[in-house]
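# Inside the fold
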Amino acid sequence: MSTGKVHSIQSLGTLDGPGVRFAVFLQGCNLRCSCCHNPDTWEQDGGTEYSAEEIVKKAVRFKEYFGKDGGLTFSGGEPLLQAEFVKEVFELCHKEGINTCLDTSGCILNEKIKSMLEHTDRVLLDIKYTDESLYIEHVGCEMQKPLDFLDYLNEKKIPTTIRHVVIPTVNDNEESILRLRNIAKEHKCIDKIELLPFKKMCSIKYEKLGLPFPFADRPEPSKEIISKFEDLIYGFNA
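A brief report on the enclosed structure follows. Please read all numbers here as calculations on a predicted model, not as lab measurements. Numbers given to residues run from 1 along each chain, matching the order in which its sequence is written. At least 70 in pLDDT is required for a residue's local features to be given in this predicted model, at least 80 for side-chain atom pairs to be given and counted, and no such filter applies to totals for whole chains, interfaces and linings, which use all residues. Here the side-chain values reflect all heavy atoms present in the structure, with hydrogen atoms and water set aside.

### What to know about the pairing of strand E6 (residues 122-126)
This is how the line gets drawn: Remark: exposure states derive from per-residue accessible area (1.4 Å probe, protein chains only) relative to the maximum for the residue type, with buried under 20%, exposed over 50%, and partly exposed in between. The secondary structure listing takes helices from DSSP runs of H or I that are at least 4 residues long and strands from runs of E that are at least 2 residues long, numbered from the N terminus. Whether two strands pair depends on DSSP finding at least two bridges between them. Handedness of a crossover: with both strands directed away from the viewer, a clockwise path from the first strand across the helix to the second marks it as right-handed.
The buried count for E6 comes to five of five residues, which makes it a mostly enclosed element. Residues Arg122, Leu124 and Asp126 of E6 are buried on one face, and the alternating residues Val123 and Leu125, pointing to the opposite face, are buried as well. Sheet topology places strand E5 (residues 99-104) next to E6; four bridges connect them, and they run parallel. Residue pairing across strands places Leu102 opposite Val123, the latter belonging to E6. In this fold, the crossover linking E5 to E6 by way of helix H4 (residues 111-117) has right-handed handedness.

### Points about the sheet that holds strand E1 (residues 3-13)
The pairing of strands in a sheet happens through backbone hydrogen bonds and is either parallel or antiparallel. Definition in use: Only C-alpha atoms enter the line fits that serve as axes; for helices the fit covers just the stretch in contact. Angles between N-to-C directions range over 0 to 180 degrees. Throughout, a residue-residue contact means that at least one pair of heavy atoms, one from each residue, lies within 4.5 Å.
Strand order in the open sheet formed by eight strands is E3-E1-E2-E4-E5-E6-E7-E8, with mixed pairing between adjacent strands. Whereas interior strands pair on both sides, the edge strands pair on one side only; in this sheet they are strand E3 (48-51) and strand E8 (190-197). Between one strand axis and the next, the sheet turns through 30° on average, direction left out of account. Seen against the sheet, helix H1 (residues 52-60) touches E1, strand E2 (21-26), E3 and strand E4 (71-75) and runs at an angle of roughly 85° to E3. Strand contacts of helix H7 (residues 174-185): strand E7 (160-166) and E8, with the helix running at about 155° to E8, the strand carrying the most contacts.

Have a look at this one:
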């Protein structure tokens, strides 16, 4: 049985997929997103080592709180970097009747990841921008990579939630939101779009790590602008 490097665990999360979730944040990320809230998860050398069995034993203790929609979510960091470990946990979760969810950037797709996705009930996929140049500048990979990942999810009919952080002066315009909506309309696996307001609470983490926060000078979006953009995708989510 393989082991994985875990940054932190949230026993009863409500922001990491449907229902109440046992959320496991893995250590290590290959991207450097300008709006990243968890720079402390970047380095792959850190974290605490767990076996798949240890993770599932912890999750089972909270199973009664999950209800019909909840379960276990892997987030990060980037869970795709530890696909074999995630697969083992998800297999054990299904034996315990626990729903599985993957929160990912979708920046990698290989045979190990495809095998892991066979045991994934839902994917929360970050579509960070709808513009190639912004992906290159503020993520560090080509936009086509998450789109290829999304195409595969669509092929396998894996229920997918798209997550998109709205960042003033970067992607807070109707054209960007409408392009996102069009991407969703082209993929039947997507049943929800979540627009998340950019926040700067993470600034203190960057300070502690001695790192500059690339978007420190960007304002946070108003509730009104988020509501306006949600109206643009309302017909899709409805």
